[in-house]
Amino acid sequence: MDVTGPSGLQPGERASSCPQEGMPGPSDSLELVQGCLQQFAVTRTQLQQIQASLLCSMEQALKGQDGPAPSVRMLPTYVGSTPHGTEQGDFLVLELGATGASLRVLWVTLTGTQEYHVEPRSQEFEIPQEVMLGPGQQLFDFAARCLSEFLDAHPVKNQDLKLGFNFSFPCHQTGLDKSTLISWTKGFRCSDVEGQDVVQLLRDAIQRQGTYSIDVLAIVNDTVGTMMGCELGAGPCEVGLIVDTGTNACYMEEARHVAALDEDRGRTCVSVEWGSFCDEQALGPALTTFDRALDHESLTPGAQRFEKMIGGLYLGELVRLVLVYLAQHGLLFGGCTSPALLSQGSILLEHVAELEDPTTGTARAHTILQDLGLSPQASDAQLVRRVCAAVCARAAQLCAAALAAVLSRLQHGREQQALRVAVATGGRVLERQPRFQRTLKETVAFLAPECDVSFIPSVDGGGRGVAMVTAVAARLAAHRHILEETLAPFRLTLEQLAVVQAQMREAMVRGLRGEASSLRMLPTYVRSTPDGTERGDFLALDLGGTNFRVLLVRVAEGSVQITNQVYSIPECVAQGSGQQLFDHIVDCIVDFQQRQGLSGQSLPLGFTFSFPCKQLGLDQGILLNWTKGFKASGCEGQDVVHLLREAIRRRQAMELNVVAIVNDTVGTMMSCGYDDPRCEMGLIVGTGTNACYMEELQNVASVAGHSGLMCINMEWGAFGDHGSLGTLSTCFDARVDQASINPGKQRFEKMISGMYLGEIVRHILLHLTSLGVLFRGRKSRCLQTRGIFKTKFLSEIESDSLALRQVRAILEDLGLTLTSDDALMVLEVCQVVSRRAAQLCGAGVAAVVEKIRENRGLQELTVSVGVDGTLYKLHPHFSRLVSATVEKLAPHCTVTFLQSEDGSGKGAALVTAVACRLTPMAVSEGISKSGGLSLA
């Protein structure tokens, strides 16, 4: 088959309008017709190859890589959000290039509700051919005159008009209102525009016109406008598809996958610009001689090859070329042609649509062909319709292969096994040719079987969507302002943190002196950290919740081996009598000794007792009050070591040597101190928070002595209870405090620890929802449930390894229906709340290490801090933020943070081991002298 030009003639050959000699016979005719139409048949394998090749080109372009062949352009549009139905206001829209050689102006009113719509007012203006091919300034001046003419005919009250610019040509956007034309398509070829910012060219033209004050807020291509104008169904449309004069698609891509953007969160709409796709290996088998002839005679030979096989500007021309070929081979119109049939562009998309119409196709075929100066027979009309069907079926299948590539990219980018998505469709090919749309859907179902696709026709060709882009941008700007105002009190300056540091230093000094202070500064009677010479076997008990642990700790040279058993504390025991509780504890110890073959041995024992106590010695601790659900009677105000010893005596068959009662913070310091002798501070940041450190004994007024060190349990969770944190406390902190079991107390802990951070976030989310900033203003019952937003969610949401879809999944599990914008805002709220917590914690650590440095009169201090607690260990950024804050506030201290391994168990044993090393006689006798054994 030989088709070398638009008419299928050899160069120099004259068109003939009458039959030629040597016309083919019936069998030859059938073979020629079938061979001609067979060129447009595309196999499933070829479609899969095109899909795979296009997907590869898309991913190369996203990464900023150039493929071996001209690839698609994956252009960010700076549209980061889809509508959620609350957008409202009046907007002017200018459409250029969406419908070929015409320009459209619309006035769109968005009402903020799906139930009530105001039909847009619009006017279409034909663009003269000389304007489409003339100077660029002439085109934009023409557009400005059309805007003025429209507004003159449709008077509006608004003085400052907001305009969205629908510019349907390949552009490189650097902002929502900044876009450089890459190349003209669709028959436009205006000079001095390619490489220029078309928004600025339009603004200049409007200014030259000087009639109306119009602000161009956004530039949007018709595909994005189609997606954004889609009616909201079960979920937002996240893919847009246009098949009109040209063809294109867009979709919401994960921002972190777009190399051109410096973003790792959220989504952005990417314009695929697939009309330029031309992989010869994949596309070549689908190209016909007619495609090559059409391309040769086009305004842009060699470019937009894919679009020339699909776009409405070219379907009619492809049909015409085939009809010319068949006529010249005596297979149509009795072998006759006509000047009109031989004229480029004489068969339009509208003709093809009418010829394909199953109800009127045959009748219209006769009329259309007669208008072309032809005398068709009934068989001619049928064959012409077969040609139209073949050309359009191939176009639909190719379009489906490209759309399947986009769906695959969407599915892979979101790491989903199955994808449910709505595709907004627009353009005259899709609107006027039902067979095209049916073939498209069937082919997509085959090529992307794991995708559940809903096709939703656009309302008005994308005009409403352009207005929607502008409205969404305005809404997001307003919401951003509210969010910033809400979160501003949580963003602490270095000066504010320095004030917290100074206030804590002052409270520490007052507490050590025994003066009124929010810090108790309790002596622990631990006066030395491990030096590495500790040896022996020790028992440790760990009581701090509903589970109780008994541990065997073997301390050898260079190693600590731990064996432990967990026992439950039944609720009836935890809330029964004190005798019942401590008898249960002793029963657990006896069981553990039997399991470990320790029966009859009296090992030194350390007791981690994680409840508020006032220590009178290393082995004396007065319980101030129960917490964590314990209410055992007869214990508060009593020495818990004495209660344990009494329970041991009641169990006459055993002996235990209780050497030390240890706070979990002290245990953490001692546990890390075994590995690092410079560890002189312990820190807990978990459900609650506390700190301890080694203080100069001469500064501790409540303990006699002037030399050596004493570990001080700060109980710093209560810092600020005297009002010093008032300037930093927000209304959300106040709500959390008032709803707690101890209003007005533990103010520092309520701004830092895991028990409260989730609640602070929940109250912020409720506030933002009430203002319409989050979740479309809909308060869920779930979000109003106290304690539903766990602090572990902050750690999960802020994890760098989680994609945005996983963040959304975490929130959706809480019953929250949200958009990507909502997920990003929740992320930011979590980040701000946890950052403040870490910075306040860092200010406290800085106060402690600076005091240690000044106590010793050092210019520089090198010190380690032992840390435990789920918030510190599991939150992805907390530890780094604490360290960074300490570095800024205590520049003369080199601080190393060591994560404790089993501080509550190992630490208690090491306190006991140090006591055995320093006071072996007193320990062996189990005697408490001078108000308690002191680890001196």
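This text follows the structure it describes.
Fair warning: this is a prediction, and the values are worked out from it, not measured in the lab.

Colleague: How do you make sense of the environment of N564 when you look at a structure like this?
Modeller: Residue placement: N564 occurs in strand β17 (residues 559-568). Accessibility expressed as a relative area gives 35% for N564, which makes it partly exposed. The spatial distance from the C-alpha of N564 to the C-alpha of V553 is 8.5 Å, given a sequence separation of 11 residues. N564 has contacts with R549, V550, L551 and F592, leaving out every residue within four places of it along the chain.

Colleague: Looking at this structure, I do not really get the sheet that holds strand β15 (residues 536-543). What am I missing?
Modeller: What holds strands together in a sheet is hydrogen bonding between their backbones, with the strands either parallel or antiparallel. The strand order across the open sheet built from 5 strands is β17-β16-β15-β18-β21, with neighbouring strands paired in mixed fashion. One side of each edge strand has no neighbouring strand; the edge strands of this open sheet are β17 and β21 (657-662). Strand-to-strand, the axes of this sheet are offset by a mean angle of 20°, without reference to chain direction. Strand direction decides the pairing type here: β15 and strand β18 (residues 604-609), joined by 5 bridges, are parallel.

Colleague: Sorry, what's going on with the sheet that holds strand β23 (residues 689-696) here?
Modeller: Here 6 strands make up an open sheet; going across it, the order is β14-β24-β23-β22-β25-β26 and the pairing mixed. Here the strands that pair on one side only, and so sit at the sheet edges, are β14 (522-523) and β26 (893-899). Bridge count between strand β22 (residues 679-685) and strand β25 (residues 861-868): 5 bridges; the pairing is parallel. The residue bridging C679 from the neighbouring strand is S864, located in β25.

Colleague: Can you help me understand the pattern of salt bridges in this one?
Modeller: Opposite charge on two side chains permits pairing when their charged atoms draw close. In this structure the tally under the stated criterion is 48 salt bridges. Ionic pairing is found between R364 and E354, a salt bridge with its closest N-O pair at 2.8 Å. Here R364, found in helix α12 (residues 361-371), pairs with E354, found in helix α11 (residues 349-356); they are 10 residues apart in sequence, far enough to count as distant. Residue class for R364 comes out partly exposed when judged on its relative accessible area of 26%. Its salt-bridge partner being R480, residue E828 comes within 2.9 Å of it at the nearest N-O pair.

Colleague: Help me understand the packing of aromatic side chains, please; the structure alone is not making it clear to me.
Modeller: Between two aromatic rings, the relevant description is the distance of the centres plus the angle of the planes. All told, the structure shown has 22 aromatic pairs when counted by the stated rule. Taken together, a centroid distance of 4.9 Å and an interplanar angle of 80° make the contact between F169 and W184 edge-to-face. Of this pair, F169 sits in the loop between β5 (160-167) and β6 (171-175) while W184 sits in the loop between β7 (178-181) and α5 (198-209), and the two are 15 residues apart along the sequence. The buried category is assigned to F169, whose relative accessible area is 2%. The buried category is assigned to W184, whose relative accessible area is 5%. Where F611 meets F630, the ring centres are 5.2 Å apart and the plane angle is 65°; that geometry is what we call edge-to-face. Taken as a pair, F611 in the loop between β18 and β19 (613-617) and F630 in the loop between β20 (620-623) and α20 (640-650) lie far apart in primary sequence, 19 residues in all.

Scoring rules and cut-offs
- Residues numbered from 1 in each chain as written.
- Predicted model: local features only at pLDDT ≥ 70, side-chain atom pairs only at ≥ 80, totals over all residues.
- Heavy atoms only, no water.
- Helix = DSSP H or I, 4+ residues; strand = E, 2+ residues; numbered from the N terminus.
- Buried < 20%, exposed > 50% of the residue type's maximum accessible area, 1.4 Å probe, protein only.
- Contact = heavy atoms within 4.5 Å.
- Pairing = 2+ DSSP bridges.
- Axes fitted to C-alpha atoms, helices over the stretch in contact; angles between N-to-C directions.
- Salt bridge = Lys/Arg side-chain N within 4 Å of Asp/Glu carboxyl O.
- Phe/Tyr/Trp six-rings, centres within 6.5 Å; stacked < 30°, edge-to-face > 60°.

Limitation: the analysis is restricted to geometry and does not speak to function.
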